[in-house]
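Residues per chain are reported as follows:
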Amino acid sequence: MSERQGLRADSTQFTLDGAPFRILGGSIHYFRVPRAYWRDRLLKLKACGLNTLTTYVPWNLHEPERGVYLFQEELDLEAYIRLAGELGLWVILCPGPYICAEWDLGGLPSWLLQDKKMKLRTTYSGFTSAVNSYFDKLIPRITPVQYKKGGPVIAVQVENEYGSYAKDEQYMSFIKEALLSRGISELLLTSDNHDGLKCGGVDGVLQTVNLQKLTFGDVPHLAELQPQKPLMVMEYWSGWFDVWGKPHHVFSAQEMISIVRELLDRGISIHFYMFHGGTSFGFMNGAVDLGTYKPQTSSYDYDAPLTESGDYTTKYHLLRSLLSTYSNEPISEPPAVQSRRAYEHMTLYGRLFRADDPVSMENLPANHNNGQSYGYTLYKTDIYSGGELISRNHVRDRALVFIDRELIGVLDYRTQKVKISHSKSERTLSLLVENCGRVNYDPALDNQQKGLVGDITLDNVPLKKFTMHCLDMKTSFINRLQSLKWTSVGTKPTYPAFFRGSLVVDQPTDTFVKLPDWSKGVFFVNGQNLGCHWSVGPQKALYLPGPWLRSGDNEIIVFEELKAEETIHFAENPEYGKTVDVSTQLFCTLI
């Protein structure tokens, strides 16, 4: 066992144990797929003709509070890696600490932002100390499953696309040493887009490139920077992510296959990002902000070869046919797809919920002083006059504004002012502020505090004496709602409101939840947060995995901000609304 050579990049071709080897990989994130479906999704990856699985590791899930580590159940990384090995797949692991992935704060835990001097992704001592503590717990779980120790992990990625950030020349060397010193002994590699290749590398580490089209000369650029080394596209973008309020992105299957064929004919190794996107369940979606803040959807379908719910697509079948011509042995038959059903519509019952300076979510004295990471925060103060309420861009990211529980407006990144009528009597001003998702790819990572992040003014006077209430909507919070008295909505309810109902199921089956004529909020099934619903689209349905249902009664709770039909619908298939082709202009704008 100790004599196994592992993956090598000593010439223009990879070798594994001394034999020529081409990496044909695909990304499936264990944290975006219910554990009950891990095997199914990996078997479908292998049946497409791929030999390698790639996955990121989200720090913010594994250490949600400083010093509290979770590696069980849906977060059992070791079990996921070992399962891939049992199914005959190799694994390339991307442990971060930053992963991007259209994931909140690029996978970094929000409690890092409590440090006012924090410089993320640098050798700032506050960051490196936290990384070292995390890696002390994470890396020992990876070392036993490395190839040289009999496991499936053949390579490990050093950070992710650092060339596009590149704030600290010593940072990548720090991450490399953090991996090596803890026992990582397999091939190390980096991953960058065309422009990032110039400053994203680190000595002794193989560089790879990320791309979708071949019109920008990415591969020749990589070959010039790194002669006499194997060429690999670490992220071949099979589609693209979606943001709320914009069309659903699609990428032509025929065009993708044409480009992949050219890469394969040139002997290049390739990974499909994503092969299966899955879902950013809960509040874990990220955001982009290149001049305008745009939160990403809960669906991470990505127009990938496997859909959000694991169905085969035209891309999958064309890709399988193509890869079969590059395989030395027959590839396995694809597993059957999961059945789905549209359950009967159901009606819900409703129940309303009612420091001197405002404090950001991250600095609230919640979660053992680790602050609030996700969800909503309610800020309340008394006012004695009227005029213009001005946010000064200190609302992150969206606030419902109430006077004595009456909704008077919304403040967000587009709307910075709300008019408040004058009155001589004392009134209560309340702002229900939502974290719509922290930026995951942008130089502004250090400035992703949420809630009220500074003064807001009324008639040019900063408001003071706030009381703040954490509404993070964790499972414990949702479970507490069960003990409350719920009444039939009957007349028109006051918003925001929680609605509750029971879905009776004979045999749990995958389905999609639709909320026509609802506005915006969050959907829970048996305490599981499926994600955000928002009428602006493009996502019009939430994926509900069958394993999260049980035979008999299933508790449905919906938080709605502004408007509810009080009936929810179920469908067999998703709905993404209007679509738009991924274009060159998109990449010039976002990459």
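Residues numbered from 1 in each chain as written. Predicted model: local features only at pLDDT ≥ 70, side-chain atom pairs only at ≥ 80, totals over all residues. Heavy atoms only, no water.

- As annotated in an unreviewed UniProt entry, the protein chain carries the name Beta-galactosidase and comes from Sinocyclocheilus anshuiensis.
- In its Sequence similarities (unreviewed entry) section, the UniProt record describing the protein chain reads: "Belongs to the glycosyl hydrolase 35 family."
- UniProt, in the comment section headed Catalytic activity (unreviewed entry), describes the protein chain in these words: "Hydrolysis of terminal non-reducing beta-D-galactose residues in beta-D-galactosides." (UniProt positions renumbered as here; feature names shortened; annotations may be inferred.)

**Some remarks on the environment of L75**
And then number 1: Note on placement: L75 falls in the loop between helix 2 (59-62) and helix 3 (77-86).
And then number 2: Sequence-wise, L75 and L264 are 189 residues apart; in three dimensions their C-alpha atoms are separated by 34 Å.
And then number 3: Setting aside residues up to four positions removed in sequence, L75 forms contacts with Y30, L61, H62 and L70. (Helix = DSSP H or I, 4+ residues; strand = E, 2+ residues; numbered from the N terminus. Contact = heavy atoms within 4.5 Å.)

**Some words on the domain arrangement of the protein chain**
And then number 1: By domain assignment, the protein chain separates into domain 1 (15-324), domain 2 (361-471) and domain 3 (486-571).
And then number 2: Between the C-alpha centres of domain 1 and domain 3 there is a distance of 32 Å.
And then number 3: If you look at the interface, domain 1 gives 22 residues, while domain 3 gives 19 residues.
And then number 4: Considering only the side of domain 1, the residues that lose the most area to domain 3 are Y37, W244 and F281, jointly responsible for 36% of the buried surface there.
And then number 5: The interface formed by domain 1 and domain 3 holds 0 salt bridges in total.
And then number 6: Between the two partners, domain 1 and domain 3, sit 7 residue pairs in polar contact (both at pLDDT 80 or more). (Domains from an automatic or database assignment. Buried area = accessible area lost by both parts, 1.4 Å probe. Salt bridge = Lys/Arg side-chain N within 4 Å of Asp/Glu carboxyl O. Polar contact = N/O pair within 3.5 Å; in protein donor to acceptor, adjacent residues only side chain to side chain.)

**Topic: the UniProt feature "domain: Beta-galactosidase 1-like first all-beta" (unreviewed entry) in the protein chain**
And then number 1: UniProt feature "domain: Beta-galactosidase 1-like first all-beta" (unreviewed entry): in the numbering of this structure it lies at residues 371-471.
And then number 2: The distance from the first to the last C-alpha atom of residues 371-471 is 12 Å, and the span holds 0% helix and 50% strand.

**Observations concerning the nonpolar core**
And then number 1: Ranked by size, the top nonpolar core spans 162 residues in total, and within it Y236, F275, M473 and F523 carry the most contacts.
And then number 2: Of the residues forming this core, the biggest block, 8 residues, is contributed by helix 4 (residues 125-142).
And then number 3: L411, V433, L452 and L463 belong to the second largest nonpolar core, which has 18 residues in total. (Core = buried A, V, L, I, M, F, W, Y, C linked by side-chain atoms within 4.5 Å. Buried < 20%, exposed > 50% of the residue type's maximum accessible area, 1.4 Å probe, protein only.)

**So, the sheet that holds strand 25 (residues 457-458)**
And then number 1: Pairing is antiparallel across the open sheet formed by 4 strands, whose spatial order is 22-18-25-26. The open sheet has two free edges, formed respectively by strand 22 (417-420) and strand 26 (461-462), since each of these has just one partner strand.
And then number 2: Pairing geometry for strand 18 (residues 387-390) and strand 22, over 4 bridges, is antiparallel. Across the sheet, L389 pairs through a bridge with V418, a residue of strand 22. (Pairing = 2+ DSSP bridges.)

**Overview of the pattern of salt bridges**
And then number 1: Considering all chains together, one arrives at 24 salt bridges under this definition.
And then number 2: We note a salt bridge from E561 to R398, for which the minimum N-O separation is 2.4 Å. Separated by 163 residues along the polypeptide, E561 in the loop between strand 33 (552-560) and strand 34 (567-571) and R398 in strand 20 (residues 398-403) bring together distant segments of the chain.
And then number 3: Using a relative accessible area of 2% as the deciding quantity, one classes E561 as buried.

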